[in-house]
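# Survey of secondary and tertiary structure
One letter stands for each residue in the lines below.
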Amino acid sequence: MRVIAAMSGGVDSSVAAARLVDAGHEVVGVHLALSRTAATAGGSRGCCTLDDARDARRVSDLLGIPFYVWDLSERFREDVIDDFVEEYRRGRTPNPCLRCNERIKFAAVLERALALGFDAVGTGHYARVIAGVDGPELHRAVDAAKDQSYVLGVLNEVQLAHSVFPLGDSLKSEVRDEAETRGLLVARKPDSHDICFIPDGDTAAFVRARVGADPGDLVDATTGQVLGRHEGAHAFTIGQRRGLNLKVAAAGGAPRYVVDVDVASGTVSVGAPELLDVDLVEGTRPVWPGRPLGSDPIAVLAQVRAHGAPHPGIARVEGDRLVVELLEPVRGLAPGQAIVLYDGTRVVGSATVDATRRVSA
Amino acid sequence: MDERAYLDHAATTPMLPQVRDVWLEESRRVGNPSSLHASGRRARRTVEEARESIAANLDVRPSAVVFTAGGTEADNLAVKGLFWASRSASGANRLLASAIEHHAVLDPVVWLQEDQGANVSWLPVDGVGRVRVDALAEQLGHPDGVALCTVMWANNEIGTVQPVAEIASLCREAGVLFHTDAVQVLGHLPADLGALGADAVTLSSHKIGGPFGVGALVVDPRLKPTAVLHGGGQEREIRSGTLDAPGIAAFATAVEHAVRGQEARSAHLLRLRQRLVEGVMAAVPDAVLNGDPGTGARDRLPGNVHLSFPGCEGDLLLMLLDAAGIDCSTGSACTAGIPEPSHVLLAMGVAEGRARSSLRFSLGESTTDREVDAVVTALPGAVDRARRAGSLSVKVG
């Protein structure tokens, strides 16, 4: 195959590219320039900096493959950053990595690769694509701690058919050792964390700078009593505990959490952690990489955050909405998050969480 | 690929065999040209003979030749050094530069503006990338006085030859120092520096079959540009640093070759250029030739072909041609590898989209018909694919 290896300059994508070369593919390394702000010009946060581009180029030299930088900063700004800010503006909690996979890596990059005569895009994600009877199936990685099938759960079967994840069968420790053995200088580079376009990690400040201040009340979810003021409802996430600045102490000093964010009225409700428990999740924009789920309910394992636990439940489709009843409640699930459904290790489908409720007592 | 088509001679050229011989021969010997003992004297003789040879070939005095570690350093020395010297002497704080200069001139000018408080007037160019002499004439009469004017002899991207003789003469009349970057011209056009009348001219060795890391600023011996590098006081204290005797001797050999064979080389390049342009136009009819459309060497560097392919991104075309065994360029390089639209094309009034869709093929002495034909063969398929990738008609998301 002719494969575009997306190379961030980190250890995972470097080893992935090396394995693609070993497998006999015709590989071209591509570093995606996703952000052009001054903050990315130096210092390594594990993604998108000039240093990372240079690392990726050196790895390509070592592998003897051509290397190019593709400037996708405009698409990234429109499809990921603007979307991220808009979701927060609407009081929701988006996952930008998932969005980047859906719209950039396995869309803009893949489309370009196919048009240029390539067959696939290879990345250093920890996940497996396995040929199934109904087409390609996405499965969890062998390394459960590193498994990234959640952030790939938005891919459809066409995208999966043109995706290669050479690390899916390996442990992260093996990948690091292999990088060392291969003499890749990136072997001991730290893993990337946080959101690549918010280098200082201060998401609330990033969002506030783009949405502006919109002060409102912090209220007790049960009594309606006003407990304090805030600078903007969009800076809060359901399940958040820190930075609430409550002026009225809770009875018995019990911890209080954000349990609801109403951007329209500017009201942020706080309350006891039990109020965060939900067992009915509704999602929009469902994606089914294989056979679509119908109105017949099926038993699934539902995952609601990148490295969260799988929760057993029953899933069905109502119109264009996904409805999942969880056997046990989950705590602190915010609209905008993705819910990814598994059957064992296989990703059945995913949707964007849109409404949650507590049904059982 | 064993037999690549190398069509990026404006970036660098293959080292000539006789140059390599001279370099190897000199590198076997020890001696710092500044040392007083016999070994030093021998090295000094090598350097001075090289200086005399270069001066003779370019019709200038040997004392005019100031060796540097390449074209970028020579440009920096000319722009900063002559501006500083001229400003101290006359108080004039104005600098004139064409909008299409190479970054080795452009960036020092911007630095002088931003860091040193220079007033800069950027000289506009016309649609083919030629500096408008009327605009220059107007600026030369600026009441505050002008410290320095710099206009490249021929543009490295689009190949347009600038009216440097006319500019030199206008500057002379106005009493303004004039520098020109001749890096792309040497060996391709007649380069009689004595007759030109510029105060300073930049030359580079590796663009003419010489080694990397050597160049010269040919500067009127009556002028003393303020030093950029301070140290041992070599090169009349204009450029400190131990002289690279093997590199300089090899550079002199390359200059000799460049000047002696210029006419025949130019004819060879013109023939190949015509073959390439006609071949591409037949294969990709909507390609656009940027720069001066003239077929001679007087208006356009004979080895330069700069084309836009509407609907394509230049960097994708480059990648596809690279895979097909062809080395070419999008014209302007950037350290991060992120393509920016060329400032040269933008200055010519070319729209950003067309600017991003361009490729430069630069031919050299060693270029063959086979290499030119390889481009003509590979281009239609590459253009087709790049266009599909550009329009992103394949939707998978």
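Every residue gets a number counted from 1 within its own chain, in the order that chain's sequence is written. Ligands are numbered from 1 and chains lettered from A, in the order in which they are written. Residue-level local features of this predicted model are given only where pLDDT is at least 70; pairs of side-chain atoms are given and counted only at 80 or more, and the full residue set underlies all totals for whole chains, interfaces and linings.

Let us now look at the overall build of chain A. Summing up its helical and strand segments, chain A has seven helices and 17 strands in all. Here the radius of gyration uses the C-alpha set of atoms, whereas the globule reference equals 2.2 Å times the residue count to the power 0.38. Here the C-alpha atoms of chain A give a radius of gyration of 22 Å, agreeing with the 21 Å that 2.2 N^0.38 yields for 361 residues. Dimensions of chain A along its principal axes, counting C-alpha atoms only, are 65 × 50 × 35 Å. What counts as a contact here is a pair of residues whose C-beta atoms, placed from the backbone, lie within 7 Å. A sequence separation of at least 24 residues applies to 64% of the contacts in chain A between residues at least 6 apart. Numbering goes from the N terminus for both helices and strands, where a helix is a DSSP run of H or I of at least four residues and a strand is a run of E of at least two.

Further remarks concern helix 2 (residues 50-63) of chain A. All names here are of chain A. With 14 residues, helix 2 should reach 20 Å at 1.5 Å per residue; the first-to-last C-alpha distance of 20 Å fits that figure. Residues Asp 52, Ala 53, Asp 55, Ala 56, Val 59, Ser 60 and Leu 63 constitute the buried set of helix 2. What you see down the axis of helix 2 is that its buried residues fit within an arc of 160 degrees, all on one side. Of the residues one or two after helix 2, Gly 64 is the one with positive phi, at around 70 degrees. To estimate how far a helix should reach, multiply one less than its number of residues by 1.5 Å. Counting other C-beta atoms within 10 Å of a residue's own tells you its class, since 20 or more makes it buried, 12 or fewer makes it exposed, and anything in between is partly exposed; those C-beta atoms are placed from the backbone. Along the arc lie the directions from the helix axis toward the C-beta atoms.

Residues and elements named next belong to chain A. The pairing criterion is simple: DSSP has to find at least two bridges between the two strands. In spatial order, the strands read 9-8-11-10; together these four strands make up an open sheet with mixed pairing. Taken across any chain shown, the strands that pair with only one partner, and hence form the sheet edges, are strand 9 (226-230) and strand 10 (257-262). Within this sheet the neighbouring strands show an average axis-to-axis angle of 25 degrees, counted without direction. The axes are straight lines fitted to the C-alpha atoms, using for helices just the contacting stretch, and the angles between their N-to-C directions are given from 0 to 180°.

All names here are of chain B. Segment limits for the domains were obtained from an automatic or database-derived domain assignment. When cut into domains, chain B gives domain 1 (5-13 + 262-391) and domain 2 (17-260). Spacing between the C-alpha centres of domain 1 and domain 2 amounts to 27 Å. Taken residue by residue, the interface counts 27 residues in domain 1 and 25 residues in domain 2. Broken down by secondary-structure element, the contributors of at least two residues to the side of domain 1 that touches domain 2 are helix 9 (262-283), strand 10 (304-308) and helix 11 (343-347). Looking at the side of domain 1 that touches domain 2, the element that brings in the most residues is helix 9, giving four residues.

This next bit is on the pairing of strand 2 (residues 26-33) of chain A. Residue and element names in this part refer to chain A. Counting buried residues along strand 2, seven of its eight residues qualify, which places the element largely inside the surrounding structure. Two strands pair when backbone bridges link them, and strand 1 (residues 2-6) and strand 2 are joined in this way by five bridges, in the parallel orientation. Paired with Val 3 across the bridge in strand 2 is Val 27. Seen with the strands pointing away from the viewer, any crossover whose path from the first strand over the helix to the second strand runs clockwise is right-handed. In this region the chain leaves strand 1, passes through helix 1 (residues 11-22) and returns to the parallel neighbour strand 2; the handedness of that crossover is right-handed. Direction of pairing for strand 2 relative to strand 3 (residues 67-71): parallel, over a ladder of five bridges. When the bridges of strand 3 are listed, Leu 32 appears paired with Trp 70.

Bringing the packing of helix 1 (residues 17-27) of chain B against helix 8 (residues 245-260) of chain B into the picture now. Residue and element names in this part refer to chain B. Running from N to C, helix 1 and helix 8 cross one another at 160 degrees; their axes reach a closest spacing of 8 Å. Looking at the two axes, helix 1 sits roughly antiparallel to helix 8. Taken as a pair, helix 1 and helix 8 cross one another with a handedness that is right-handed. Each of Gln 18, Val 19, Val 22, Trp 23, Glu 26 and Ser 27 in helix 1 lies in contact with helix 8, whose residues at this interface are Ala 245, Pro 246, Gly 247, Ala 249, Ala 250, Thr 253, Ala 254 and His 257. Classifying every residue of the contact of helix 1 with helix 8 by side-chain character gives eight nonpolar, five polar and one charged. These descriptions rest on fixed angle ranges, namely under 35 degrees for roughly parallel, over 145 for roughly antiparallel, 65 to 115 for roughly perpendicular, and the rest for oblique. Here a crossing is taken to be left-handed if its near helix is turned anticlockwise relative to the far helix by less than a right angle, and right-handed if that turn runs clockwise. The nonpolar class holds Ala, Val, Leu, Ile, Met, Phe, Trp, Tyr, Cys and Pro. Asp, Glu, Lys and Arg form the charged class, and all remaining residues, Gly among them, are polar.

Let's shift gears to the sheet that holds strand 4 (residues 120-122) of chain A. Residues and elements named next belong to chain A. Taking strand neighbours across the sheet as the criterion, the five strands line up as 3-2-1-4-7 in an open arrangement whose pairing is parallel. Both outer strands of the open sheet, strand 3 and strand 7 (163-164), are each paired with one neighbouring strand and no more. Contacting strand 1, strand 2, strand 4 and strand 7, helix 1 runs over the sheet at an angle of about 165 degrees to strand 1.

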